[in-house]
Amino acid sequence: MKSTFRFPKVRYLLSACALALSLQPAAQAAETPPAEVHLDYAYYSPVSLVLKHFGFLEKALPQTKVSWVLSQGSNRSLEYLNSGGVDFASSASLAAVLSRANGSPIKSVYVYSRAEWTALVVRKDSPYKTVADLKGKKIAATKGTDPYLFTLRSLQQAGLSKDDVELVHLQHPDGRTALEKGDVDAWAGLDPHMAASQVQAGSRLLYRNTNFNSYGVVSVTDTYAKEHPQTIETVLKAYEQAREWAVKNPDELAKLLATESGLPLEVAKLQLSRTDLSSPQLTAKDVIASKAAAPILVSEELVRRGVNVDQVIDQLIDTGFKETVARQ
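First, a word on scope: everything that follows refers to the structure included in this document. Along each chain, residue indices are assigned from 1 in the same order as the chain's sequence is written. Only residues with pLDDT of at least 70 get local features here, since the model is predicted, and only at 80 or more are side-chain atom pairs given and counted; chain-wide, interface and lining totals rely on the full set of residues. Only hydrogens and water are set aside when side-chain values are computed; all heavy atoms of the structure are taken into account.

## Topic: helix H7 (residues 172-181)
So, step 1. Think of it in three bands: with a 1.4 Å probe and only protein chains considered, a residue is buried below 20% of the maximum accessible area for its type, exposed above 50%, and partly exposed in between. Elements are defined by DSSP. Helices are runs of H or I of four residues or more, strands are runs of E of two residues or more, and each kind is numbered from the N terminus. Burial in H7 covers these residues: His172, Gly175, Arg176, Ala178 and Leu179. Across the axial projection of H7, the buried residues extend over an arc of 165°, all falling on one side.
So, step 2. Contacts: residue pairs with any heavy atoms within 4.5 Å of one another. The secondary structure elements touched by the buried residues of H7 are strand E6 (120-122), strand E7 (138-141), helix H6 (146-157), strand E9 (186-188) and helix H8 (193-201).
So, step 3. The first or second residue beyond H7 is Gly182, which carries a positive phi of 90°. By construction, the arc corresponds to the directions joining the helix axis to the C-beta atoms.

Right under this line is the structure:
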């Protein structure tokens, strides 16, 4: 498989100027660093593993306690954010859209990856060849995550709805187990579990569509964005330091991912072969890509009645974040 892991020509640092502009003049003074900052890390977010491993943020905020929480999926990550368990949450962008559309006041401030991290997976001996073949079958998917939304969009493209299949709501690792045991007919996979199932069980990717994979974002609450703009800038600078290390050291990154996830190196390399870490800044293209998925959120009644999803996306994704070149 051809790798999409690309090295950027320049290094970017995101500055939270859009947030600063929203503050009152009195708040423009130097911000007192918070006593503690809570972040999540996830195997589907390799940059977060680098950030945690090297302690870049701990060095950038020496007077602040940095706490880490493992997220197994976007739904868990956003639950932690909305409950106050973390201040910075790593999730798929469409999961963040869904969360904000249903009343969670969050804002996405960074892109940690643009990866083909989900597909519909079947066992190696499965007779199914197309998505249409799954009509009346069981599909494991984690509700509220990118793989779940990928499944709905894939079914719709095949002329099916969620009522034409039986969706079994399982967390990602449990979905893999259910597939390999034969308890479900297909699984909406998520890396690295999907890559592990391919390598270790010979599972087959039944349907792939890079356009249906949303990108990975780091989000904060609106309140945190207003109260801690300089802390956000410091965290994003640390993320950039981690991302730059990741793209310059792909072999070491694969080893780190394998060590942290407890999976074979071959699995980590397969995951990273379909992971692009080169474009961390949010752009107008990201807004367009997210809005392309809006109709499925409405038609499947995944958002509250009357919600303008396009407006939600405009509020969630701030393309006004200033891009500057980091000279480190």
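## Notes on the side chain of Ser71
So, step 1. Checked against the element boundaries, Ser71 lands in the loop between strand E3 (65-70) and helix H4 (74-83).
So, step 2. Polar contacts involving the side chain of Ser71 include one to the side chain of Asp40, which spans 2.8 Å. For the purposes of these results, a polar contact is taken to be a pair of N or O atoms within 3.5 Å, where, inside protein, one atom must be able to donate a hydrogen and its partner to accept one; residues adjacent in sequence count only when each atom of the pair is a side-chain atom.

## Notes on the pattern of salt bridges
So, step 1. For this analysis, a salt bridge means a side-chain nitrogen from Lys or Arg found within 4 Å of a carboxyl oxygen belonging to Asp or Glu. Tallied over the entire structure, the rule returns 11 salt bridges.
So, step 2. Between Glu116 and Arg208 there is a salt bridge, with its nearest N and O atoms 2.8 Å apart. One end of the pair, Glu116, is in the loop between strand E5 (106-115) and E6; the other, Arg208, is in the loop between strand E10 (204-207) and strand E11 (216-221), and 92 residues separate them in sequence.
So, step 3. Between Arg274 and Asp191 there is a salt bridge, with the nearest N and O atoms lying 2.9 Å from each other. Residue Arg274 is found in the loop between helix H12 (265-273) and strand E12 (275-276), and its partner Asp191 is found in the loop between E9 and H8; the two are separated by 83 residues along the sequence.

## What to know about unusual backbone geometry
So, step 1. Cis rather than trans, the peptide bond between Asp191 and Pro192 has omega equal to 10°.
So, step 2. Relative to the assigned elements, Pro192 resides in the loop between E9 and H8.
So, step 3. In this structure, Glu301 takes a positive phi of about 55° despite not being glycine.
So, step 4. One can find Glu301 in the loop between helix H14 (294-299) and helix H15 (309-316).

## Overview of the nonpolar core
So, step 1. Counting 92 residues, the largest nonpolar core has Leu39, Leu51, Phe88 and Leu297 as its most contacted members.
So, step 2. When near neighbours in sequence (up to four residues on either side) are disregarded, Leu297 contacts Val97, Leu98, Leu149, Leu302, Val303 and Val309.
So, step 3. Core analysis: the next-biggest nonpolar cluster, separate from the first, contains 9 residues, Ala119, Val121, Met194 and Leu205 among them. Nonpolar core, defined: a set of buried Ala, Val, Leu, Ile, Met, Phe, Trp, Tyr and Cys residues in which side-chain atoms within 4.5 Å join the residues together.

## Section: the sheet that holds E7
So, step 1. Strand order in the open sheet formed by 5 strands is E8-E7-E9-E6-E10, with mixed pairing between adjacent strands. Edge positions in the sheet fall to strand E8 (166-169) and E10, since each has one partner strand and no second. Along the sheet, successive strands turn relative to each other by an average axial angle of 35°, direction set aside.
So, step 2. By the bridge criterion, 4 bridges tie E7 to E8 in an arrangement that is parallel. Paired with Ala140 across the two strands is Val168, which belongs to E8.
So, step 3. Of the strands in this sheet, E6, E9 and E10 are in contact with H8, which crosses E9 at around 145°. Strands are treated as partners if at least two bridges between them are detected by DSSP. Only C-alpha atoms enter the line fits that serve as axes; for helices the fit covers just the stretch in contact. Angles between N-to-C directions range over 0 to 180 degrees.

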